[in-house]
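Topology and contacts: notes
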Amino acid sequence: MASLTSVAFTSIGQTSCQRKVNVSSTRSLVSNFEGFRFRTSLFCHCVRFRASSSSSRMIIQCMSTATDVPPTVAETKMNFLKLYKRPIPSIYNTVLQELIVQQHLMRYKRTYQYDPVFALGFVTVYDRLMEGYPSEEDREAIFQAYITALKEDPEQYRIDAQKLEEWARGQTASSLVEFPSKEGEVEGLLKDIAERASGKGNFSYSRFFAVGLFRLLELANATEPTVLEKVISIRSLNWMTRTSI
């Protein structure tokens, strides 16, 4: 179980609604990057649906259709339990339940759009959390059930995470910073994310995205704080790191 200490989950045993991690500036990211530790916390999110009494019958009916109403947290958790029926040791289950609540709120945020850096961040957190799990087969089955319960594709998460890791291992600090001027599959993905972050599409900054970004830098051995400053200054990345979930 000692391997679990590689990921710092500060939310365990505390009231999650009283805490929320905010990334206030580029400097705060730089100061935290040298330690490169992953922290997750729960947060409170309340969505209210209101229908005006003056609204037409047609509008109210459209708002009430199943496609417009996201599942509740309880429904997502229930889906996970239906997909993976075996008992999970409490030391893992406690964190998994907190993570799935956190990711549910990210997943169904209005501005959310899946991207490979987010996937890399989640896969990194999950794999480090479950590193000491007794069964490798069960570890992967839990991953499959977890992502499927969120109505996303677990295979896509794995494929994209591996793709970004392989790309980052072939980069240096300088080449990583220069991705906007290069052509390639991963470079195209990163440029698309930067475009959306600048306001030209859906983008919602999250803790998993931050972990994915740090992971890219780690694999490229670009651990100098100045490199992080350069990367997040590209095409409004500085703006998105100041945006909380």
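This write-up is about the structure you can find in this document. Everything numeric in this text was worked out from a predicted model, so none of it was measured.

Bringing unusual backbone geometry into the picture now. Even without being glycine, Lys 151 reaches a positive phi, approximately 60°. Within the element layout of this structure, Lys 151 appears in the loop between α6 (136-149) and α7 (154-169). Not every positive phi belongs to a glycine, and Asn 221 is a case in point at roughly 55°. Summarising the element assignment, Asn 221 is placed in the loop between α10 (207-219) and α11 (225-232).

A few words now on helix α4 (residues 90-107). Here α4 contains 18 residues, and its C-alpha end-to-end distance of 25 Å stays within 8% of the 26 Å for a straight helix at 1.5 Å per residue. Most of α4 is tucked away, with 14 of its 18 residues classed as buried.

Now for the pattern of salt bridges. Within this structure, the stated rule accounts for eleven salt bridges. One salt bridge connects Arg 128 with Glu 218, and the closest N-O pair in it is separated by 3.5 Å. Of this pair, Arg 128 sits in helix α5 (residues 116-129) while Glu 218 is found in helix α10, placing the two residues 90 residues apart along the sequence. Overall, the relative accessible area of 25% leaves Glu 218 in the partly exposed class.

Rules behind the numbers
Residues numbered from 1 in each chain as written. Predicted model: local features only at pLDDT ≥ 70, side-chain atom pairs only at ≥ 80, totals over all residues. Heavy atoms only, no water. Helix = DSSP H or I, 4+ residues; strand = E, 2+ residues; numbered from the N terminus. Expected span 1.5 Å × (residues − 1). Buried < 20%, exposed > 50% of the residue type's maximum accessible area, 1.4 Å probe, protein only. Salt bridge = Lys/Arg side-chain N within 4 Å of Asp/Glu carboxyl O.

Keep in mind these values describe shape, not function.
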